[in-house]
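Given next are the chains, with one letter for each unit.
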Amino acid sequence: PFEVYLRRMGRTVTVTPDVSVLEAVRGAGAEVLTSCEQGTCGTCLTPVSEGRPDHRDSVLVDHQRAANDCMVLCVSRSCGDRLVLDL
Ligand code: FES
């Protein structure tokens, strides 16, 4: 599990292995637009302010992955214990 802090909402959610970041943040009341929910369309792309996403999508190109400043919430996870999202 890892923690996601929703910066604008001021809430922390725990993401367990059985749920996606998308499901976890929606459970906390965050509104995120989605379409494919399979990491291919980019609709759920969300700014990341801290932490290193474990990118599992097929949307971002290499330099975007390396920047660690956004992530696809429906499939990507975290490399570390904590991510801060601009939500
Ligand atoms: Fe399509 Fe997340 S909803 S990439």
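To be clear, the structure that these remarks concern was listed above.
In this report, we go over the structure that sits alongside the text.

Calculation notes
- Residues numbered from 1 in each chain as written.
- Predicted model: local features only at pLDDT ≥ 70, side-chain atom pairs only at ≥ 80, totals over all residues.
- Helix = DSSP H or I, 4+ residues; strand = E, 2+ residues; numbered from the N terminus.
- Buried ≥ 20, exposed ≤ 12 C-beta atoms within 10 Å, placed from the backbone.
- Pairing = 2+ DSSP bridges.

1. Structural notes on the environment of Val 61
Inference 1: By the secondary structure assignment, Val 61 is in the loop between β4 (53-54) and α2 (62-67).
Inference 2: For Val 61, a count of 7 C-beta atoms within 10 Å puts it in the exposed group.
Inference 3: Distance from Val 61 to Arg 7, taken between C-alpha atoms, is 25 Å for residues 54 residues apart in sequence.

2. Comments concerning the pairing of strand β2 (residues 11-15)
The side chains of a regular strand alternate between both faces of the sheet.
Inference 1: Pairing geometry for strand β1 (residues 2-6) and β2, over five bridges, is antiparallel. Residue pairing across strands places Val 4 opposite Val 13, the latter belonging to β2.

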